[in-house]
Amino acid sequence: ELKVEQNPLFLSMQEGKNYTIYCNYSTTSDRLYWYRQDPGKSLESLFVLLSNGAVKQEGRLMASLDTKARLSTLHITAAVHDLSATYFCAVDIPADSWGKLQFGAGTQVVVTP
Amino acid sequence: KAGVTQTPRYLIKTRGQQVTLSCSPISGHRSVSWYQQTPGQGLQFLFEYFSETQRNKGNFPGRFSGRQFSNSRSEMNVSTLELGDSALYLCASSLRQGWPGGYTFGSGTRLTVV
């Protein structure tokens, strides 16, 4: 069974500093997704990574995928308060999952001055 | 372009009752997946429908069921509600597997069982 592990599970960030969230998964896959969730809200899609070496950037967030290491990273540059949220990575398995995403436990991010 | 629409947004039910939740995907999307989110178990996959056919099912009891209509709208039903069914239920729509657009989630239905 596919397992997805995120770390850390909680991240206290200082404004202006850089941080990284890691997402490891247990089975070969080249499709990984990052989502953001604000308290009581739904999941907002951040990045869709569909191949080894994929790198995507949006504002202060950058995500990358290494399918050989089964690792994705979400890098936050110069954190600001607006980035406080829970971040989830999710993986699906080609030809097996039929629309099923396996989510990590989420990383709760709190950004303080 | 309209997003994924879930109704109702909030629901309070009594143990033993049944409930039906609705999800309308993005126009043109034929895949609809359902997830349960709880603080203890996180996000768990319930089932997925594509062109009115259930293609995949998660590890939930038979009290959880779903269906998809010809217009791709989907419903999920939970019978004989238990306190542990209290959760945020999310649906996601997608054009197809491996589509660069990924999966778009609706706002969710928050179900409280009392």
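### Overview of the sheet that holds strand 1 (residues 5-7) of chain B
Residue and element names in this part refer to chain B.
- Overall, antiparallel pairing links the 4 strands, which are arranged 1-3-8-7 in an open sheet. With one partner strand each, in any of the chains shown, strand 1 and strand 7 (64-68) form the two edges of the open sheet. Within the sheet, the average angular offset between the axes of one strand and its neighbour, ignoring direction, is 15°.
- As paired elements, strand 3 (residues 19-24) and strand 8 (residues 74-78) share 5 bridges and run antiparallel to each other. Bridging across to strand 8, V19 finds its partner in V78.

### Examining the pairing of strand 9 (residues 87-94) of chain B
Residues and elements named next belong to chain B.
- Burial analysis of strand 9 places 8 of its 8 residues in the buried class, the great majority of the element.
- Here strand 9 shows no split at all, with A87, Y89, C91 and S93 on one side and L88, L90, A92 and S94 on the other all buried.
- In this structure, strand 4 (residues 31-38) lies alongside strand 9, joined through 7 bridges in antiparallel fashion. Counted as the bridge partner of Y35 is L90 from strand 9.

### A short note on the environment of A:S42
- Mapping A:S42 onto the fold places it in the loop between strand 4 (32-37) and strand 5 (43-49).
- The residues contacting A:S42, other than those within four sequence positions of it, are A:R36, A:Q37, B:L90, B:F105, B:G106 and B:S107.

### Things to note about the interface of chain B and chain A
- With 21 residues of chain B at the contact, the number on the chain A side is 22 residues.
- Taking both partners together, chain B and chain A bury about 1800 Å²; carbon and sulfur atoms supply 54% of that area.
- Put simply, chain B and chain A have 0 salt bridges between them.
- Here the residues of the side of chain B that touches chain A sort into 9 nonpolar, 9 polar and 3 charged.

### Section: the pattern of salt bridges
Residues and elements named next belong to chain B.
- According to the stated counting rule, one finds 7 salt bridges over all chains in the structure shown.
- For E48, the salt bridge goes to R55, with nearest N and O atoms at 2.8 Å.
- Shared partners join several salt bridges into a network, and the residues in it are R63, E82 and D85.

### Focus: the layout of surface pockets
- Estimates place the volume of the largest pocket at around 420 Å³.
- Taken together, 24 residues make up the lining of the largest pocket; nearest its centre are A:Q37, A:T86, A:F88, B:Q37 and B:P39.
- Elements with a minimum of two residues in the lining of the largest pocket: strand 9 (85-91) and strand 11 (107-112) of chain A together with strand 4, strand 5 (42-50) and strand 9 of chain B.
- Taken together, the residues that form the lining of the largest pocket break down as 10 nonpolar, 11 polar and 3 charged.
- In this structure, the second largest pocket encloses a volume near 280 Å³.
- If you trace the second largest pocket, you find 15 residues lining it, with A:E1, A:Q102, B:L43, B:Q44 and B:F45 closest to the centre.
- Of all the elements in the fold, those that place two or more residues in the lining of the second largest pocket are strand 10 (102-103) of chain A together with strand 5 of chain B.
- Among the elements that line the lining of the second largest pocket, the one with the most residues is strand 5 of chain B, at 4 residues.
- In terms of residue class, the lining of the second largest pocket is built from 6 nonpolar, 7 polar and 2 charged.

Parameters at a glance
Residues numbered from 1 in each chain as written. Chains lettered and ligands numbered in written order. Predicted model: local features only at pLDDT ≥ 70, side-chain atom pairs only at ≥ 80, totals over all residues. Heavy atoms only, no water. Pairing = 2+ DSSP bridges. Helix = DSSP H or I, 4+ residues; strand = E, 2+ residues; numbered from the N terminus. Axes fitted to C-alpha atoms, helices over the stretch in contact; angles between N-to-C directions. Buried < 20%, exposed > 50% of the residue type's maximum accessible area, 1.4 Å probe, protein only. Contact = heavy atoms within 4.5 Å. Buried area = accessible area lost by both parts, 1.4 Å probe. Salt bridge = Lys/Arg side-chain N within 4 Å of Asp/Glu carboxyl O. Nonpolar A, V, L, I, M, F, W, Y, C, P; charged D, E, K, R; others polar. 1 Å grid on protein atoms, 1.4 Å probe; cavity = no way out; pocket = protein on both sides within 12 Å on 5 of 7 lines; lining within 4 Å. Points joined across faces, edges and corners; volume = space filled by probe spheres on them.

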